[in-house]
Amino acid sequence: MTDSDSSNSDDEMVLDVLFYLPRPRFFRDRSNPLEDFDDFDFKSRFRLSKETFVFLLHLIGNDLRRSTNRSFAISPEIQILVTLRYYATGTFHFSRMLKKFRKFKQVFFRLKGFPRVVGAVDCTHIRIQSPNSNIGERFRNRKGYFSFNVQAICDSNLKIMNIVARWPGSVHDSTIFDNSMCRAQFENGEYGNSFLLGDGGYPCRDYMMTPLLRPVTEAEKRYQKAHIGTRNVVERLFGVWKRRFPVIAVGIRTQLNTTMTTIVATAVLYNILKEQGDEMPADEYAVDNDLLLEIDMNPVRQTGNLVRGQLIDLVFT
């Protein structure tokens, strides 16, 4: 065998080995949305500005970072952006931060002259897919679709101070409040002589002021006007929150636990955006007019009726 023949044989062997080896894996470079989108497109796509995204990344990025680079782990930046994109479209989940944004502030008086108010409370329905047949009907609300009935308390700046996102759509607003920690805190006197403002679906109590059924006197009419004008912040909140994160407006199609996490996570994000002054472009506040005006004279409301009457006499006369 000549040197030439030996060389050809070696070359063929190498080619045979290379042919049967597994093909190397090639990974496409992941795009960087911070560079790929200008400020307007980024905010339109992810519902927040680049500056707020960087703030959010610093806030929770370390919690999302993997300790290894094996399997080409997804970076915290991409994890957050994917989640934001899901919340922004509803087509595709973090929540430990809410306590940082639950602070009552007595600044409602500047709105319509209603004293001692620290929050406005209401519920809104967030559509979900039909749960399994064993519990599905519990989630069907009075309008006929499946939902969570979500309670929120907001301040005068439309910030969410408290949220309860675990009750099926068939449960009444007042039942959710009666079983909440917030009610216990008010009844334990943790907020002094402050008021919550609720609509007619809530019981009138010494800490919960509700509208009058039929205001007659001028003082009662002034009370009614101040109550409605002050409490509507929570209706506006629901409109802004759902416009900011359309996933909670169009409906969530995930498991119930994941859905609850998504609702709370969008509330946390909403508050962060408020803190950062990151307003949504070209959107007006929407009003949720789904008000409950079911007022009865249950004895549990007697004390609240007395306090409400004294308030009308002292402040609105």
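Residues numbered from 1 in each chain as written. Predicted model: local features only at pLDDT ≥ 70, side-chain atom pairs only at ≥ 80, totals over all residues. Heavy atoms only, no water.

## Re the overall build of the protein
Logical step 1: Across its full length, the protein holds 12 helices and five strands.
Logical step 2: Classification of the 317 residues of the protein by burial places 45% in the buried group.
Logical step 3: Looking at the protein as shown, the accessible area adds up to about 18,000 Å², and 50% of this sits on carbon and sulfur atoms. (Helix = DSSP H or I, 4+ residues; strand = E, 2+ residues; numbered from the N terminus. Buried < 20%, exposed > 50% of the residue type's maximum accessible area, 1.4 Å probe, protein only. Areas by Shrake-Rupley, 256 points an atom, 1.4 Å probe, with all protein chains shown as cover.)

## Describing the pairing of strand E2 (residues 147-154)
Logical step 1: Burial analysis of E2 places eight of its eight residues in the buried class, which makes it a mostly covered element.
Logical step 2: Residues Ser147, Asn149, Gln151 and Ile153 of E2 are buried on one face, and the alternating residues Phe148, Val150, Ala152 and Cys154, pointing to the opposite face, are buried as well.
Logical step 3: Sheet topology note: the strand E1 (residues 117-127)/E2 ladder contains eight bridges and is antiparallel. Of the residues in E2, the one forming a bridge with Ala120 is Cys154.
Logical step 4: Bridge analysis of E2 against strand E3 (residues 160-168) gives six bridges, and the strand direction is antiparallel. Along E3, the bridge assignment pairs Ile153 with Asn162.
Logical step 5: Taking the residues between adjacent antiparallel strands as the criterion, E2 and E3 are bridged by five residues, where Leu158 takes a positive phi near 65°. (Pairing = 2+ DSSP bridges.)

## Digging into the environment of Thr266
Logical step 1: With respect to the secondary-structure elements, Thr266 resides in helix H11 (residues 256-276).
Logical step 2: In this structure the C-alpha to C-alpha distance between Thr266 and Lys242, which are 24 residues apart in sequence, comes to 9.3 Å.
Logical step 3: Apart from residues lying up to four places away in sequence, Thr266 is in contact with Tyr87, Trp241, Phe245, Val247 and Ile248.
Logical step 4: Polar side-chain contacts of Thr266 include one of 3.2 Å to the side chain of Trp241. (Contact = heavy atoms within 4.5 Å. Polar contact = N/O pair within 3.5 Å; in protein donor to acceptor, adjacent residues only side chain to side chain.)

## Describing the packing of aromatic side chains
Logical step 1: Inspection of the entire model under this criterion finds 10 aromatic pairs.
Logical step 2: A centroid spacing of 6.5 Å and a plane angle of 35° characterise the contact between Phe238 and Trp241, whose relative ring orientation is tilted. Remark: Trp241 and Phe238 occur in helix H9 (residues 218-244); sequence separation between them is three residues, near one turn of the helix. Comparing Phe238 with Trp241 shows no difference in burial state: the two are buried.
Logical step 3: Here the aromatic residues Phe177, Phe186, Tyr191, Tyr202 and Tyr207 are joined through ring pairs into a cluster of three or more. (Phe/Tyr/Trp six-rings, centres within 6.5 Å; stacked < 30°, edge-to-face > 60°.)

## Details of the sheet that holds strand E4 (residues 195-197)
Logical step 1: Spatially, E3-E2-E1-E4-E5 is the arrangement adopted by the five strands of the open sheet, whose pairing is mixed. Edge positions in the sheet fall to E3 and strand E5 (208-209), since each of these pairs with one other strand and no more.
Logical step 2: Relative to E4, E1 is paired through three bridges, and the arrangement is parallel. When the bridges of E4 are listed, Val117 appears paired with Phe195.
Logical step 3: Packing of H11 onto the sheet brings it into contact with E1, E2 and E3, and relative to E3 it is tilted by some 165°. (Axes fitted to C-alpha atoms, helices over the stretch in contact; angles between N-to-C directions.)

## Some points on the pattern of salt bridges
Side-chain pairing between opposite charges can occur once the charged atoms of the two side chains come close.
Logical step 1: Summed over the entire model, instances satisfying the criterion amount to 10 salt bridges.
Logical step 2: Here Lys43 ties to Asp278 by a salt bridge, and the two come within 2.8 Å at their closest N and O atoms.
Logical step 3: When its relative accessible area of 4% is taken as the criterion, Asp278 is described as buried.
Logical step 4: We note a salt bridge from Arg140 to Glu137, for which the minimum N-O separation is 2.9 Å. (Salt bridge = Lys/Arg side-chain N within 4 Å of Asp/Glu carboxyl O.)

## A closer look at the environment of Gly61
Logical step 1: Tracing the backbone shows Gly61 in helix H4 (residues 50-64).
Logical step 2: A residue is classified by how much of its surface remains accessible, and Gly61, at 1% relative accessible area, is buried.
Logical step 3: Look past the residues within four positions of Gly61 in its chain and what remains in contact with it is Leu56 and Pro76.

## Observations regarding helix H3 (residues 39-46)
Logical step 1: For H3, every residue scored as buried is listed here: Phe42, Lys43 and Phe46. The buried side chains of H3 occupy one side of the element, clustering within an arc of 95° when seen end-on.
Logical step 2: Looking one or two places after H3, you find Arg47, whose phi comes out positive at around 70°. (Arc of directions from axis to C-beta.)

## Considering unusual backbone geometry
Logical step 1: In this model, Arg116 sits at a positive phi of 65°, which is unusual for a non-glycine residue.
Logical step 2: With respect to the secondary-structure elements, Arg116 resides in the loop between helix H6 (109-112) and E1.
Logical step 3: Residue classification places Arg116 among the partly exposed positions, given a relative accessible area of 32%.
Logical step 4: The phi dihedral of Leu158 falls on the positive side, at around 65°, and the residue is not glycine.
Logical step 5: Within the secondary structure layout, Leu158 lies in the loop between E2 and E3.
Logical step 6: Residue class for Leu158 comes out buried when judged on its relative accessible area of 2%.

## A look at the nonpolar core
Logical step 1: Core analysis: the biggest nonpolar cluster contains 58 residues, and Phe114, Met209, Leu237, Trp241, Phe245 and Ile263 have the highest contact counts within it.
Logical step 2: Residues within four places of Trp241 in sequence aside, it is in contact with Thr124, Ile126, Val150, Ile160, Ile163, Ile248, Ile263, Thr266, Ala267 and Tyr270.
Logical step 3: Among the nonpolar cores identified, the runner-up in size contains 16 residues, and Val118, Val164, Ile176 and Cys182 belong to it. (Core = buried A, V, L, I, M, F, W, Y, C linked by side-chain atoms within 4.5 Å.)

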